[in-house]
Each structure stands twice: as structure tokens, then as C-alpha cells.
Amino acid sequence: IRRKRCDVKIAVVGAPGVGKSALTVRFLTKRYIGEYDHNTENKYKHESLLDGEPVHFEILDTCPKDEHELPNANELLQWADGILLVYSITDRQSFNYIRKARTDLTTETPVFLVANKVDMVHLRQVSTDEGEILAKDLECRFTEVSAAEHVIQVAEIFYDLCKEILASKRK
Ligand code: GDP
Ligand code: MG
């Protein structure tokens, strides 16, 4: 039986330095690699099996030049099927960045809120509760993760968002 290939486009959004590229590269390669391009926007293609079904991922690793440059919501929503909103638990500003960015991104598009760098608990500035409250507000899923230490959990974020996207496409 020839199955229809599923295409899924995910944009990774967040302030500079929160680990958008680290999470993306972790998902793509299963590795935590220092030597990737930090300072440009990159689009990756990736084939994967999800519940035995082939999925063709396109991942846009966005790259705002500073914490004042919010994502272009129109452009993003036109392209993306789903959005990963990423902040760092060690960076209060990056949490505020998501709160500002999401005003424009309030949408039907599936969203997943990710709090990265949980390995750096000693530098925590944003509590788990605050993340959960924001996720409730956004009506989206939430998880705390470490691109540096977690392999399976990072992949699960992308797969869970993908499942939500496919479910919403089938509606
Ligand atoms: P981006 O600007 O959002 O793409 O952030 P990067 O992926 O370039 O990461 C910024 C810095 O944070 C780099 O030095 C990464 O090595 C580091 N980093 C990313 N994720 C983690 C993490 O989960 N834990 C720790 N400790 N450092 C991380
Ligand atoms: Mg980057």
C-alpha cells in the first residue's frame, strides 16, 4: 500500500540564546553539538517515522537579532503548521519575550511551550509554575527540558507537536 506522505512544518521561536538551535539540532542529529550556525536563520528537512508513518519535517530555526526583534507573526503563521515557543529557565527576559510574542501568535495553529536549560537549576529565574500558568493561558502543552542532557524528551516535543498538527489537519 502506498501511503500519502505527511508534511509538517514547525517554526522554532524564542529570544536569542535560549537554545532554539540546540533543540533543533538535538532533534535532527540526536546529538548536542556546539558547532552549528548560531547567527542565521536555518531551515532543515528531516524524514522520520511516527507511529510507523513516514513524516517529512521542515523545521525553521528562527534567529532574532536581539531580544527586541519579535517574530513576524504574519509570515510565520502563513508558513508554519505548528510553533515551538522556547524560553530558558535561566533567563527571565526570554520568558517575557514569549509573553510579548504570543500576543501576535494567538491563533488556531498548534503551539508547544518549551522551557529549556533545566540542567542549570542553580541559575533558575523562571519557576515551573510560571511556565504552567502561561501554557494554560495559551491553551497549549508545556514541558521543561534540557537540550544539553535530554535526547528522548526533546524528540518527544517535536513528535507530540507533529501529532497535534496532523490531528488538526485531518479535522
Ligand atoms: P538560540 O540562539 O536560541 O539558537 O540558542 P543556541 O542553541 O545557540 O544556544 C545558546 C547557548 O546556550 C549555547 O551556548 C548553547 O550551548 C547553550 N544551551 C542550549 N541549550 C542548552 C541546555 O539545555 N543547557 C545548557 N546548559 N546550555 C544550553
Ligand atoms: Mg540559533
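Residues numbered from 1 in each chain as written. Chains lettered and ligands numbered in written order. Predicted model: local features only at pLDDT ≥ 70, side-chain atom pairs only at ≥ 80, totals over all residues.

In this section: the overall build of the protein. Along its length, the protein carries five helices and six strands. Along the protein, helices (α) and strands (β) appear in the sequence β-α-β-β-α-β-α-β-α-β-α when read from the amino end. Here the C-alpha atoms of the protein give a radius of gyration of 15 Å, agreeing with the 16 Å that 2.2 N^0.38 yields for 171 residues. Across its three principal directions, the C-alpha atoms of the protein cover 50 × 30 × 30 Å. A buried classification covers 38% of the 171 residues belonging to the protein. (Helix = DSSP H or I, 4+ residues; strand = E, 2+ residues; numbered from the N terminus. Rg over C-alpha atoms; globule rule 2.2 N^0.38 Å. Buried ≥ 20, exposed ≤ 12 C-beta atoms within 10 Å, placed from the backbone.)

Quick look at the nonpolar core now. Ranked by internal contacts, the top residues of the largest apolar core, which has 43 residues, are Ile-10, Val-12, Leu-84, Leu-85, Val-86, Tyr-87 and Val-114. For this core, the secondary-structure elements that each account for two or more residues are strand E1 (6-13), helix H1 (20-29), strand E3 (53-61), strand E4 (82-88), helix H3 (92-105), strand E5 (111-116) and helix H5 (152-170). Ranked by residues supplied to this core, first place goes to H5 with six residues. (Core = buried A, V, L, I, M, F, W, Y, C linked by C-beta atoms within 7 Å.)

Below, the discussion takes up the site of ligand 1. Close to ligand 1 lie 16 residues, the nearest being Gly-19, Lys-20, Ser-21, Ala-22 and Ala-148. When residues in the shell around ligand 1 are grouped by element, the largest group, three residues, is from H1. When grouped by side-chain class, the residues that make up the shell around ligand 1 number six nonpolar, seven polar and three charged. (Near = placed C-beta within 6 Å. Nonpolar A, V, L, I, M, F, W, Y, C, P; charged D, E, K, R; others polar.)

Take the packing of H1 against H5 next. The N-to-C vectors of H1 and H5 enclose an angle of 90°; their axes lie 9 Å apart at closest approach. Judged on the interaxial angle alone, H5 and H1 are roughly perpendicular. Of the residues in H5, those touching H1 at Leu-23, Arg-26 and Phe-27 are Val-154, Ala-155 and Phe-158. (Axes fitted to C-alpha atoms, helices over the stretch in contact; angles between N-to-C directions. Parallel < 35°, antiparallel > 145°, perpendicular 65-115°, else oblique. Contact = placed C-beta atoms within 7 Å.)

Our next topic: unusual backbone geometry. For Lys-117, which is not glycine, the phi torsion reads 70° and is therefore positive. Locating Lys-117 in the fold gives a position in the loop between E5 and helix H4 (128-138).

A word on the confidence of the model for the protein. Looking at the protein, the pLDDT average stands at 91 and 94% of residues meet or exceed 70. For this predicted complex, the interface score ipTM comes out at 0.99, while the overall pTM is 0.94. (pLDDT = per-residue confidence, 0-100.)

Here we take up the environment of Asn-42. Tracing the sequence through the fold places Asn-42 in strand E2 (residues 42-50). With 21 residues separating them along the chain, Asn-42 and Ser-21 place their C-alpha atoms 8.8 Å apart.

Moving on, we get to the sheet that holds E1. Strand order in the open sheet made by the six strands is E2-E3-E1-E4-E5-E6, with mixed pairing throughout. Unpaired on one side and paired on the other, E2 and strand E6 (141-144) mark the two borders of the sheet. Between one strand and the next, the sheet's axes are offset by a mean angle of 25°, whatever the strand orientation. Here seven bridges tie E1 to E3, and the two strands are oriented parallel to one another. Following the sheet pairing, Ile-10 is matched in E3 by Ile-59. (Pairing = 2+ DSSP bridges.)

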